[in-house]
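Notes for the structure review
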Amino acid sequence: MFEALTPVSEMLARNLDTLSRQPLLVCGLLEDDLPGMLAEAGPAPRVFTTDFRYFQWLRSKNGADAEFGTQPRAETAAGLLLLMPKAKAEADYLLAACLPLLPPGAPIFIAGDNKGGVKAAPRLLAPYCEQVNKLDSARRASLYQASLTSPVPAFTPADWICRYPLVEEQLQICALPGVFSAAHLDSGSKLLLDTMTDLGGRVLDFGCGAGVIGASLLKRHPGLELELIDINALALEASRLTLAENRLQAKVYASDGLAQVTGKFNYIVTNPPFHAGLKTFYHTTETLLTQAADYLLPGGSLILVANAFLPYPELIERSFGHCDTLAATGKFKIYRATR
């Protein structure tokens, strides 16, 4: 899954002499065994990730010092390597969370794909560093280096919460940087919510994001036994905040696909993930469509919204024997399959 080095890591391999002078705190868009490569060259890095799948993979592979969550543990770090995430707002968040752990003068490295926003590194580091240098550029990737100028104030998670109202549902949505539906209700989720009517029993919100779908369902149907899952720690925390803000209760936890889910449901509802990093990514949804029937009670339904061009009906029919289209716009379709 994460075995092959990405072009970014191949570029970083040319700079191991510089990167391995101190044990680094590594965070951001981790997609391979870069930590193992750093450990072979020098002091083993400490890895902080918001990606539950990567966290599990890395720990099972080499027992690395890996943390999963919304911020790293409060221990001093000798330097930082940030792999540029997809969203620049998330890069700002990660720097604010990690840099308070570094002493003045500590090295900071930012690396990433040239098409993935890494060229913003000088701007991102401007509040913290006097000078930012481009250290290398190869494989359509770049590496920037700087030194921390002065101590950074302690990280305050509450400063990073974005709130917006869902007027029709009388809800207040809380989101964190990089989380889907972070600033407004997306049109796909709106179509899904407009299409669903009566739900009951045990319901799974797969890929919960900021908790928009789950909170809306609970608001409409207070008796639901709702579980919200996601692979991203910031999404899970945003969902918890959204539920708490609206005095709603549900079970929220990390799951790699359906791997951490137990029991069967009356409904699985989802606006499934469509992208991972810079690449179009269908694997998580395709696996869900293959496995969902095994997690539904007899008569239970899978209901999802998807871009109209995606070939999901064929996969759904292969698993369920049928696929109903409940609604459609020029961009989205709502599909339902019943066990």
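You'll find the structure just up there.
Remember, predicted model here, so these are calculated numbers, not experimental data. (Residues numbered from 1 in each chain as written. Predicted model: local features only at pLDDT ≥ 70, side-chain atom pairs only at ≥ 80, totals over all residues. Heavy atoms only, no water.)

A word on the packing of aromatic side chains
- Taken as a whole, this structure holds nine aromatic pairs when the rule is applied.
- Feature note: the residues Phe2, Tyr54 and Trp57 constitute an aromatic cluster, connected by ring pairs.
- Positioned above the aromatic ring of phenylalanine 265, the side-chain terminus of arginine 202 is 3.9 Å from the ring centre.
- Sitting above the plane of the tyrosine 253 ring, lysine 251 keeps its charged end 5.0 Å from the centroid. (Phe/Tyr/Trp six-rings, centres within 6.5 Å; stacked < 30°, edge-to-face > 60°. Lys NZ or Arg CZ within 6 Å of the ring centre and 35° of its normal.)

Some thoughts on the state of the cysteines
- Tallied over the full model, the rule gives zero disulfides.
- Free cysteine: cysteine 98, not disulfide-bonded; nearest cysteine sulfur from cysteine 27 at 3.9 Å.
- In this structure cysteine 174 is a free cysteine whose sulfur lies 8.8 Å from that of cysteine 162, the closest cysteine sulfur available. (Disulfide = S-S within 2.5 Å.)

Comments concerning empty space enclosed by the protein
- Across all of its chains, the model carries two cavities of 30 Å³ or more by this definition.
- As a volume, the largest cavity reaches approximately 80 Å³.
- Its residues assigned to classes, the lining of the largest cavity shows five nonpolar, five polar and one charged.
- Within the lining of the second largest cavity, the residues separate by chemical class into five nonpolar, two polar and no charged. (1 Å grid on protein atoms, 1.4 Å probe; cavity = no way out; pocket = protein on both sides within 12 Å on 5 of 7 lines; lining within 4 Å. Points joined across faces, edges and corners; volume = space filled by probe spheres on them. Nonpolar A, V, L, I, M, F, W, Y, C, P; charged D, E, K, R; others polar.)

Some points on the packing of helix H10 (residues 283–291) against helix H11 (residues 312–320)
- It is the contact of H10 with H11, at a shortest axis distance of 8 Å, that shows an interaxial angle of 30°. Considering the angle they form, H10 stands roughly parallel to H11. Residues Thr285, Glu286, Leu289 and Thr290 of H10 touch H11, and the partners they reach there are Tyr312, Leu315, Ile316, Ser319 and Phe320.
- For the contact of H10 with H11, the per-class residue count stands at five nonpolar, three polar and one charged. (Axes fitted to C-alpha atoms, helices over the stretch in contact; angles between N-to-C directions. Helix = DSSP H or I, 4+ residues; strand = E, 2+ residues; numbered from the N terminus. Parallel < 35°, antiparallel > 145°, perpendicular 65-115°, else oblique. Contact = heavy atoms within 4.5 Å.)

What to know about the environment of threonine 197
- Along the chain, threonine 197 falls in the loop between helix H7 (187–195) and strand E10 (202–206).
- Each C-alpha atom of the pair threonine 197 and histidine 221 lies 9.7 Å from the other, and the pair is 24 residues apart in sequence.

A word on the environment of phenylalanine 52
- If you trace the backbone, phenylalanine 52 turns up in helix H4 (residues 52–62).
- Counting along the chain gives 14 residues from phenylalanine 52 to leucine 38, while the straight-line C-alpha distance between them is 21 Å.
- Apart from the residues lying within four places of it in its own chain, the contact partners of phenylalanine 52 are Phe68, Ile231, Ala254, Ser255, Asp256 and Gln260.

Comments concerning the sheet that holds strand E6 (residues 132–138)
- Read from one edge of the open sheet, seven strands run E3-E2-E1-E4-E5-E7-E6, paired in mixed fashion. Edge positions in the sheet fall to strand E3 (65–68) and E6, since each has one partner strand and no second. Going across the sheet, the axis of each strand differs from the next one's by a mean of 20°, ignoring polarity.
- For strand E2 (residues 46–49) and E3, the ladder comprises four bridges, and the chain directions are parallel. Bridge pairing in E3 places valine 47 opposite alanine 66.
- The sheet strands contacting helix H5 (residues 88–98) are strand E1 (25–28), E2, strand E4 (80–83) and strand E5 (107–113), and the helix crosses E4 at an angle near 165°. (Pairing = 2+ DSSP bridges.)

The quantities given are spatial measurements derived from coordinates; they are silent on function.
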